[in-house]
Amino acid sequence: MAERPVASTAPELVLETESGSTVMIPDHAYHVGRDPLSDVVLDDARVSWHHAVLRPDGDHWTLLDEHSTNGTYADGRRVDERYVGPGCEIRFGSPGDGPRATLLGRTPPPPERPTAPRGLPAGSNC
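What counts, and at which threshold
Residues numbered from 1 in each chain as written. Predicted model: local features only at pLDDT ≥ 70, side-chain atom pairs only at ≥ 80, totals over all residues. Heavy atoms only, no water. Helix = DSSP H or I, 4+ residues; strand = E, 2+ residues; numbered from the N terminus. Contact = heavy atoms within 4.5 Å. Areas by Shrake-Rupley, 256 points an atom, 1.4 Å probe, with all protein chains shown as cover. Buried < 20%, exposed > 50% of the residue type's maximum accessible area, 1.4 Å probe, protein only. Pairing = 2+ DSSP bridges. Core = buried A, V, L, I, M, F, W, Y, C linked by side-chain atoms within 4.5 Å.

A. The overall build of the chain, seen in detail. Looking only at helices and strands, the chain features zero helices and eleven strands. Going residue by residue from the N terminus, the α and β elements of the chain occur as β-β-β-β-β-β-β-β-β-β-β. Residue pairs at least 24 apart in sequence account for 32% of intrachain contacts in the chain once pairs closer than 6 positions are excluded. For the chain, the exposed area adds up to about 8400 Å²; of that, 51% sits on carbon and sulfur atoms.

Here it is as structure tokens:
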């Protein structure tokens, strides 16, 4: 009998760039590059067509450089592969002024208000 793949327990993250933000749900990898079909498109000549991938890996996220021409930098250091999480700053193509992305922890939505028990009007505090 085949084993079922284990679902990732990596947290949801928000990847913020100058062009917007992407909520990263740990059900698939996110491709970054100039390719218009990338999950995160960065229109900068220093960014490779297929530049990097952010993928859920167990209980965390991994940043992988896809052999880009000008490199991927996490917190100022060139990386081939690195664990990343909330607070991490990533630059693509140049460590000082390449397109920047910041990873933020996702704030969960507020809990839904419980429905009123039967017999009590909705909105009742009793």
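Let us keep going from here.
B. A look at the environment of L15. Secondary-structure assignment places L15 in strand β1 (residues 13-17). Residue L15 is classed as buried on the basis of its relative accessible area of 1%. Spatially, the C-alpha atom of L15 lies 9.3 Å from that of P86, the residues being 71 residues apart in sequence. Each residue touching L15, except ones within four places of it in the same chain, is listed here: G20, S21, T22, M24, V40, L54, A101, T102 and L103.

C. The pairing of strand β2 (residues 20-24), seen in detail. Note: β1 against β2, five bridges, orientation antiparallel. Note on β2: the bridge partner recorded for L15 is T22. Here β1 hands over to β2 after two residues, the two strands then running antiparallel side by side.

D. Highlighting the environment of P86. As for its placement among the helices and strands, P86 is situated in the loop between β9 (81-84) and β10 (89-92). Along the sequence, P86 and T102 sit 16 residues apart, while their C-alpha atoms lie 7.9 Å from each other. Residues within four places of P86 in sequence aside, it is in contact with L13, L103, L104 and G105.

E. The sheet that holds strand β4 (residues 40-41), seen in detail. One open sheet holds the five strands; their spatial order is β4-β3-β5-β6-β9, and the pairing between them is mixed. Every interior strand has two partners, whereas the edge strands, β4 and β9, have only one.

F. Expanded view of the nonpolar core. One finds M24, L54, W61, L63, I90, F92 and L103 to be the most contacted residues of the largest nonpolar core, which totals 21 residues. Breaking this core down by element, the ones donating at least two residues are β1, β3 (30-33), β5 (52-57), β6 (60-65), β10 and β11 (100-105).

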